[in-house]
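# Report on the structure
This is what each chain is made of:
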Amino acid sequence: MSLALRQAKNVLMLGVTWLCAGVAAALLAIIVIYVVERGAAAFHRSFFTNLPTPVGIPGGGVANAIVGSLMTVGMASVFGIPVGIMAGIYLALLGRGWLADAVRFLSDVLTGVPSIAIGLFAYTIVVVPQKHFSAFSASVALAIIMLPIVVRTTEEAVRLVNPAIREGALALGMEAWKAILFVTVPCARAGIVTGALLSIARVSGESAPLLFTAFGSQFWSFSPSAPTEALPLLVFQYAISPYRDWQQLAWGGALALIIFVFLLNVTARAVFPARSVR
Amino acid sequence: MAQDGTDVVTVPALTLRSRRRRAPSGLGDRIVLGLFAAAAWLVLLVVVGLFVVLLISAWPAVQSVGIRVLESTAWDPTSGKYGLLSFIYGTLVTSTLALLLAGPVGIGAALLLAEVAPRRLATPVAMLIELLAAVPSVVFGIWGLFVLAPVMRTVIEPALARSLGFLPLFQGYFYGVGMLTAGILLAIMVLPTVTAISRDILEAVPRDQREAMLALGATRWEMLTRAVLPYARSGIVGALVLALGRALGEAMAVVMVIGNKPAISLSLFAPAYTMASVLANEFTEATGKQYVAVLIGIGSALFLISMLVNIGARLLVRRVGAPQRMRTR
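Residues numbered from 1 in each chain as written. Chains lettered and ligands numbered in written order. Predicted model: local features only at pLDDT ≥ 70, side-chain atom pairs only at ≥ 80, totals over all residues. Heavy atoms only, no water.

### Comments concerning the overall build of chain B
Each helix and strand in chain B was counted, giving eleven helices and two strands. Listed N to C, the secondary structure of chain B is α-α-β-β-α-α-α-α-α-α-α-α-α in terms of helices and strands. Looking at chain B residue by residue over its 329 residues, the buried ones come to 57%. Taking the intrachain contacts of chain B between residues at least 6 apart in sequence as the baseline, contacts between residues at least 24 apart amount to 74%. Carbon and sulfur atoms make up 66% of the accessible area of chain B, which amounts to about 13700 Å² in all. (Helix = DSSP H or I, 4+ residues; strand = E, 2+ residues; numbered from the N terminus. Buried < 20%, exposed > 50% of the residue type's maximum accessible area, 1.4 Å probe, protein only. Contact = heavy atoms within 4.5 Å. Areas by Shrake-Rupley, 256 points an atom, 1.4 Å probe, with all protein chains shown as cover.)

### Remarks on the overall build of chain A
Assigned secondary structure in chain A consists of eleven helices and zero strands. Shown N-terminal to C-terminal, the secondary structure of chain A runs as helices and strands in the order α-α-α-α-α-α-α-α-α-α-α. Principal-axis analysis of the C-alpha atoms places the extent of chain A at approximately 70 × 70 × 35 Å. Buried residues in chain A amount to 59% of all 278 residues.

### So, the domain arrangement of chain B
Residues and elements named next belong to chain B. In terms of domains, chain B is made up of domain 1 (1-68) and domain 2 (72-328). Taken together, the contact pairs twelve residues of domain 1 with eleven residues of domain 2. Both sides of the domain 1 and domain 2 interface together cover about 860 Å² of buried area, and 80% of this is carbon and sulfur. Interface area lost by domain 1 to domain 2 is led by F51, L54 and V65, which between them contribute 42%. For the pair domain 1 and domain 2, the interface holds zero salt bridges. (Domains from an automatic or database assignment. Buried area = accessible area lost by both parts, 1.4 Å probe. Salt bridge = Lys/Arg side-chain N within 4 Å of Asp/Glu carboxyl O.)

### Re helix α6 (residues 179-203) of chain B
Residue and element names in this part refer to chain B. Over its 25 residues, α6 runs 35 Å from end to end, which matches the ideal 36 Å to within 8%, given 1.5 Å per residue. The sharpest bend along α6 measures roughly 40 degrees and falls at V190, with the proline P192 sitting one to four residues further on. Of all the 25 residues making up α6, 24 are buried; the element is thus mostly covered by neighbouring parts of the structure. (Expected span 1.5 Å × (residues − 1). Bend = angle between axes of the 7 residues up to and from the residue.)

### Quick look at the packing of helix α4 (residues 97-111) of chain A against helix α11 (residues 289-320) of chain B
One way to put it is that α4 of chain A packs onto α11 of chain B with a least axis distance of 9 Å and a crossing angle of 120 degrees. On the basis of their axis angle, the class for α4 of chain A and α11 of chain B is oblique. Crossing handedness for the pair α4 of chain A and α11 of chain B: right-handed. Here F105, D108, V109 and T111 of chain A of α4 of chain A come into contact with α11 of chain B, specifically with M307, N310, I311, R314, L315 and R318 of chain B. Here the residues of the contact of α4 of chain A with α11 of chain B sort into five nonpolar, two polar and three charged. (Axes fitted to C-alpha atoms, helices over the stretch in contact; angles between N-to-C directions. Parallel < 35°, antiparallel > 145°, perpendicular 65-115°, else oblique. Left-handed = near helix turned anticlockwise from the far one by under 90°. Nonpolar A, V, L, I, M, F, W, Y, C, P; charged D, E, K, R; others polar.)

### A look at the nonpolar core
Residue and element names in this part refer to chain B. Counting 206 residues, the largest nonpolar core has W75, F140, I142, L295 and I298 as its most contacted members. Looking at this core, the element that brings in the most residues is α6, giving 15 residues. Here this core spans two domains, since at least three of its residues come from each of domain 1 (1-68) and domain 2 (72-328). (Core = buried A, V, L, I, M, F, W, Y, C linked by side-chain atoms within 4.5 Å.)

### Some remarks on the interface of chain A and chain B
Facing 101 residues of chain A, the contacting portion of chain B comprises 98 residues. Both sides together, the interface formed by chain A and chain B hides about 9100 Å², and carbon and sulfur atoms give 77% of it. The interface formed by chain A and chain B contains two salt bridges. Taking the shortest distance from any N to any O, the salt bridge between R6 of chain A and E222 of chain B comes out at 2.8 Å. Across the chain A-chain B interface, the total number found is seven residue pairs in polar contact (both at pLDDT 80 or more). The leading source of residues in the side of chain A that touches chain B is helix α1 (residues 3-40) of chain A, at 20 residues. Among the residues forming the side of chain A that touches chain B, the class breakdown is 70 nonpolar, 16 polar and 15 charged. (Polar contact = N/O pair within 3.5 Å; in protein donor to acceptor, adjacent residues only side chain to side chain.)

### Looking at the side chain of S267 of chain B
All names here are of chain B. With respect to the element layout, S267 can be found in the loop between α9 (252-257) and α10 (275-282). A polar side-chain atom of S267 sits 3.1 Å from the main-chain amide nitrogen of F269. Sequence-distant contacts of S267, that is, excluding residues within four places in its chain, are made with P168, L169, Q171 and M179.

### Details of the environment of M223 of chain B
Residue and element names in this part refer to chain B. Along the chain, M223 turns up in helix α8 (residues 220-249). Take M223: its relative accessible area is 5%, and that puts it in the buried class. Considered as a pair, M223 and R210 are 13 residues apart in the sequence and their alpha carbons are 6.2 Å apart. Apart from residues no more than four positions distant in its own chain, M223 is found in contact with R210, M213, L214, A218 and V228.

### Examining the packing of aromatic side chains
Evaluation of the coordinates by the stated rule reveals 24 aromatic pairs over all chains. On the numbers, 5.9 Å between centres and 80 degrees between planes, the contact of F79 of chain A with F136 of chain A is edge-to-face. One end of the pair, F79 of chain A, is in helix α3 (residues 63-94); the other, F136 of chain A, is in helix α6 (residues 135-160), with 57 residues separating them in the sequence. The class of F79 of chain A is partly exposed, set by a relative accessible area of 36%. Residues Y123 of chain A and F283 of chain B carry aromatic rings whose centres are separated by 4.8 Å and whose planes lie at 85 degrees to one another, so their mutual orientation is edge-to-face. Note that Y123 of chain A is positioned in helix α5 (residues 115-130) and F283 of chain B in the loop between α10 and α11, a pairing that runs across two chains. The class of Y123 of chain A is buried, set by a relative accessible area of 15%. Among the aromatic side chains, those forming a connected cluster through ring pairs are Y123, F133, F212 and F215 of chain A together with F283 of chain B. The cationic tip of R38 of chain A hangs over the ring face of F146 of chain B; the distance from NZ or CZ to the ring centre is 5.9 Å. (Phe/Tyr/Trp six-rings, centres within 6.5 Å; stacked < 30°, edge-to-face > 60°. Lys NZ or Arg CZ within 6 Å of the ring centre and 35° of its normal.)

### Observations concerning the packing of α5 of chain A against α6 of chain A
Residues and elements named next belong to chain A. One way to put it is that α5 packs onto α6 with a least axis distance of 9 Å and a crossing angle of 145 degrees. Where α5 crosses over α6, the two elements pack in a sense that is right-handed. When α5 is examined against α6, the residues S115, I118, G119, F121, A122, V126, V127 and Q130 are found in contact with a partner set consisting of F136, S137, V140, A141, I144 and I145. Of the residues assigned to the contact of α5 with α6, the class counts are ten nonpolar, four polar and no charged.

### Details of the pattern of salt bridges
Residues and elements named next belong to chain A. As enumerated under the stated definition, the model contains 13 salt bridges over all chains in all. The shortest N-O distance in the salt bridge between D101 and R104 comes to 3.5 Å. One end of the pair, D101, and the other, R104, are both in helix α4, three residues apart, so they sit about a helical turn from each other. Take D101: its relative accessible area is 45%, and that puts it in the partly exposed class. For R152, the salt bridge is made with E155, and the minimal N-O distance between the two is 2.7 Å.

Have a look at this one:
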C-alpha cells in the first residue's frame, strides 16, 4: 500500500472513532432532552405535594413515591454504607490472604448481578417469611446493591492515603484502631463520601428489585413494614398505563429521577475527581 | 500492641500486618479491627447467601415441572404449560444484538478517549458517557416506549424492510415494540460499560508498545490496530462480556419495549420475551404455587448465568491489570 493510501486510511479511521464517541454523547443528549421536554410539563406545585389522582382528575402528584423512595433508600444507606465502609477499610489495610481476595472478587461480581435477582433474594428471605411486602424488604435489596460500590471505592480511597502518616501515628504509640479511624480514614474522607454518594445515586434509580419487595401503593405510607411506592416504580407502573395523565406523571417522575441521579453523580465526582488506582 | 515497644518503633509498617507475631493487642484493637473483619465476612456471606438461597428456591420448580420445559415454547401458566425456550431465545437475541451494535461503537469511542483525543477534550466526553451509565434503566424504558418505539415502527423498521427485506430477519409486521427495539435500547444502555472499561484497558497498554510501532513508520491507525489492540484484546473481550452480563439481566427497560409475547420468531421486528422481563412482568400477578416456583426458577437461572458471565469477564479484565475508575455498574 502506498503511503498516501495508508495516511488516508489513518485519517478516515481516526475520524470514525470521533464519530463513535459523538454517537455516544448524542444519545445521552437526545434522551435527556426528551425527558426534560416531556417531564417539565408535569412539574407543577401539586406534583411534589399531592397523591396520585384517579384517571381524569387533575392535580395528581407523586409525593407518596418521593417519601417512599427517601424511606427505602435511606434505610438501605443505613444498612449498606457502614458495612461497606468497614469492609473497604479491612480490604485496604488489614486484609490479606484468601478472605480479602475472595471479598474483593465477589464484590466485583456482585456489581454485575442483575438487580431483579437481588430483588428475588430479598423477596425470598424477607417477604416470604413475613408474608407481606414492605419498605424494609426493599431496603434490604437496595443495601445489597450498594455494598460492592461502597466497598470498592472505600478500599481504593483508603489505599491512596500515604501509609507513612499512619505509621507515624503508630510510632508515637497510638493504638492501631485509633490510627486507622482518626488518622487514615479522615485523609480518605473525600473518596469514601464519593463511594457513598455514587451508591445512593445507583439505587435511587433501581426499579426492578422493588417490584416484589416495595410493591407500590397509591397512598401515603410511612411505615417500614407496609408496602410502599417509590419513584422508579411509579415511573414504570404509570408509563405502561394507557392513560395520558398517568403517563404524564411518569415523565415527571423520570425527570425528577434523572435530576437527582445526575446531581449526585456530578457532586460525587467533584468531591473526589482523582482516578482511583487498584 | 502499643506496649510492644521495639516492634512498633523499629518496624511500624509491619504492626498491622503481622498480628500473629505480636503480643496480644489491646481491647480497642480487638473490637474495632474485629468489626472491620466482620464487615468483610458479611459481604462474603451476602454473596454466598444469594447463591445458596436462589439455588434452593429454584428447586421446587425443577421438581414440579422438570427440566423438559427447556425444550418447549408453550407458555400458558393457567393450563400448566411452562415452556421456557422462547424466553431463552429472546434473551439471547436481544443481548447479542446489543453487543453487535454497542461493541464496535464502544470500542471506537474508547480508542478516541484513550488514544486520539487531547486530554482536554477526552475528560469531559468521558464524563458525559459516565452520566449515560448513570441514567436509571426505567428512564431508558420510558424513553424507549414513547420515543424509540414509534420511530422504529414508522421509520426504521420500514426502511430496513425495504433495503434488507430479503432476509427473514427483517420481514413481517412493524410493531415498534419487539426484539430489534429492545436490542437497540440495550445497546445504548451497555455502551458506557464497553467504552469505560475498554478505555481503562487501553490506557494500561505500555508506551513502548506504541513507540516501537511508530518508530517503524506506522501511521497512528496502524499503531492502534497492530500494536495496541492485540495487546489489549483479552481485556476488551472482558469488557464486552461484562456488557453482555448487563444486557442479559436488564429487566425494566426491556419489559417496556419488547412486547412481552412468549413466541419464537425469526423476524427481529416481532414481539418477544426475555428471562428478566417475564419475571418483571408476571411475578407479582402470578397465582398458584407452581407458577411462582417456575418464575423463581427463571430468576435463579438468570442469576447463575450472569454470575458465570461476570466471573469470566472479571478474570479477563483482571489479567490485563488495568487500574479501574469508580464505576457503579
